[in-house]
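Commentary on secondary and tertiary structure
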Amino acid sequence: MTDQDPPLVGILMGSRNDWDVMKAASETLSELAIAHECKVLSAHRTPKELAQYVTGAEGRGIRVLIAGAGGAAHLAGSVAASTVLPVLGVPLASSDLNGLDALLSTAQMPRGVPVGTLAIGAAGAINAALLAASIIGVHDEAVRDKIREGRAAMARAVLESRLD
Ligand code: RP5
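Scope of this entry: the structure provided in the associated data block. (Residues numbered from 1 in each chain as written. Predicted model: local features only at pLDDT ≥ 70, side-chain atom pairs only at ≥ 80, totals over all residues. Heavy atoms only, no water.)

Digging into the packing of helix α5 (residues 122-137) against helix α6 (residues 141-159)
Helix-helix packing is described using two parameters, namely the angle between the two axes and the distance between the axes. To keep it simple, the criterion reads: Lines are fitted to the C-alpha atoms to define the axes, a helix being fitted only along its stretch in contact, and any angle between axes, read from their N-to-C directions, falls within 0 to 180 degrees. Under the scheme used here, helices are H or I runs from DSSP no shorter than 4 residues and strands are E runs no shorter than 2 residues, and both carry numbers assigned from the N terminus. Here is the rule for handedness: rotate from the far helix to the near one, and if that takes an anticlockwise turn smaller than a right angle the crossing is left-handed, while a clockwise turn gives right-handed. Throughout, a contact is declared for two residues whenever any of their heavy atoms are within 4.5 Å.
It is at 8 Å that the axes of α5 and α6 come closest, and there the two elements cross at 145 degrees. Seen along the crossing, α5 lies across α6 with a hand that is left-handed. Residues L130, A133, S134, I136 and G137 of α5 lie in contact with α6, whose contacting residues are E141, V143, R144 and I147.

Take a look at the structure:
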C-alpha cells in the first residue's frame, strides 16, 4: 500500500473528538495494507457535505464505508441511506449513556437500509476494519492471507501466555 493507492475503505466519524477511538480502525487497515481515507463528517452538522461524500464514494472506488458516531448516532444510517456500498457502524461512548444510545440508534435500523453494527468503542472500530477487510478479501486472496496471519498471531499470543 502506498499513499498513491486509491482508497478502498472510507472511515467517517461525526466529530474530531471521535478520532481517538476511530484511529484504531485506520491503524488496523494500515496493518493489513488496505488503502483507506478518514474524514470527519456529521449527519446533523454537515448533512449536505456528508451526502456529497457518500454519493461520490462508489465512483471513486470505495468498497466499504465505516461510520463511527456517538449520542443519538445517525451517521451510519445516513450514510447507508445514500449508498448501496456496505456500511459498518461503530457506536461510540461519547455521551452520558456511555454508547448505549449510539448502539441502539446504529443497530436498530428499520428494515430496508441495513447498517452492520459492531461493538461500542475501540473493539468495534478494530472489528469494523477487520470486517471491511473480509469484505474486500472476498475478491482478494492477499487480503484473506493477511487476515489469516493476524488470526494465527492472536492464537500464538494466547497459547504463549505466561501467568507469572
Ligand atoms: C456525534 O456527537 C459525534 O459522533 C460525537 O461522538 C458526538 C459528540 O460530538 P462533539 O460534541 O464532541 O463534537 O455527532
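Overview of a nonpolar patch on the surface
Note the threshold: Each patch is assembled from residues with relative accessible area greater than 30% and no salt bridge, linking like charges that lie within 9 Å and nonpolar side chains (Val, Leu, Ile, Met, Phe, Trp, Tyr) that lie within 5 Å. Note on areas: these come from Shrake-Rupley sampling with a 1.4 Å probe, and a residue is covered only by the protein chains present in the view. A pairing counts as a salt bridge when a side-chain nitrogen of Lys or Arg comes within 4 Å of a carboxyl oxygen of Asp or Glu.
On the surface, a cluster of nonpolar side chains totalling about 300 Å² of accessible area is made up of L97, L100 and L104. Relative to the helices and strands, L104 is located in helix α4 (residues 100-107).

Let's talk about the site of the ligand
Defined as follows: The criterion for a residue being near a molecule or strand is simple. One of its heavy atoms has to lie within 4 Å of it. As used in this structure description, the phrase polar contact means that two N or O atoms lie within 3.5 Å; if the pair is within protein, one of them must be able to donate a hydrogen and the other to accept it, and residues adjacent in sequence are counted only when both atoms belong to side chains. Residues are sorted three ways: Asp, Glu, Lys and Arg are charged, Ala, Val, Leu, Ile, Met, Phe, Trp, Tyr, Cys and Pro are nonpolar, and all the rest, Gly among them, are polar.
Taken together, the residues surrounding the ligand are G14, S15, N17, D18, H44, R45, A69, G70 and S94. Side-chain polar atom of D18 to an oxygen atom of the ligand: 2.6 Å apart, as the coordinates give it. One of the side-chain N or O atoms of S94 is found 2.7 Å from an oxygen atom in the ligand. Contact with the protein chains covers 74% of the free accessible surface of the ligand, which is 360 Å². Here the residues of the shell around the ligand sort into one nonpolar, six polar and two charged.

Notes on the sheet that holds strand β1 (residues 9-13)
Selection rule: A pair of strands is considered paired only if DSSP assigns at least 2 bridges between the two.
Taken in spatial order, the five strands make up an open sheet running β2-β1-β3-β4-β5, and their pairing is parallel. Edge positions in the sheet fall to β2 (36-40) and β5 (116-117), since each of these pairs with one other strand and no more. Examined bridge by bridge, β1 and β2 share five bridges and lie parallel to one another. Among the inter-strand pairings, I11 is bridged to a residue of β2, identified as C38.

Here's the deal with the side chain of S42
Note on placement: S42 falls in the loop between β2 and α2 (47-57). Polar contacts involving the side chain of S42 include one to the main-chain amide nitrogen of H44, which spans 3.3 Å. The contacts of S42, once residues within four sequence positions are left out, are G14, P47, L50 and L75.

Looking at the nonpolar core
Put simply, the test is: Here, the term nonpolar core denotes a set of buried Ala, Val, Leu, Ile, Met, Phe, Trp, Tyr and Cys residues that are joined through side-chain atoms within 4.5 Å. Accessibility here uses a 1.4 Å probe with only protein chains present; expressed as a share of the type maximum, an area under 20% marks a residue as buried, one over 50% as exposed, and anything in between as partly exposed.
V9, I11, M22, I34, I66, L88 and V90 are the most contacted members of the largest nonpolar core, which has 23 residues in total. Going through the elements one at a time, β1, α1 (19-31), β3 (64-70), β4 (87-92), α5 and α6 are the ones with two or more residues in this core. In contact with V9, other than residues within four places in its own chain, are L29, I34, A35, H36, E37, I62, V64, I66, A132 and I136. If you look at the next biggest cluster of nonpolar residues, it comprises 20 residues, including L12, I62, L85 and V115.

Here's the deal with the environment of A80
Residue placement: A80 occurs in helix α3 (residues 75-81). Each C-alpha atom, one on A80 and one on M109, is 9.8 Å from the other, the two residues being 29 residues apart in sequence. A80 has contacts with V87, V113, P114 and V115, leaving out every residue within four places of it along the chain.

So, the side chain of T83
Along the chain, T83 turns up in the loop between α3 and β4. In contact with T83, not counting residues within four places along its chain, are V54 and L65.

A short note on the environment of V9
Tracing the backbone shows V9 in strand β1. Measuring from C-alpha to C-alpha, the distance between V9 and A129 comes to 8.7 Å, with 120 residues separating the pair along the chain.

Topic: the pattern of salt bridges
Under the counting rule described, the total for this entry stands at three salt bridges. Between K23 and D20 there is a salt bridge, with its nearest N and O atoms 3.9 Å apart. Linking K23 with D20, this pair stays in helix α1, spanning three residues, or about one helical turn. According to the relative accessible area criterion, D20 is exposed, its value standing at 58%. With its nearest N and O atoms 2.7 Å apart, the salt bridge here joins E37 to R60. Residue E37 is found in strand β2, and its partner R60 is found in the loop between α2 and β3; the two are separated by 23 residues along the sequence. Judged by its relative accessible area of 17%, E37 is buried.

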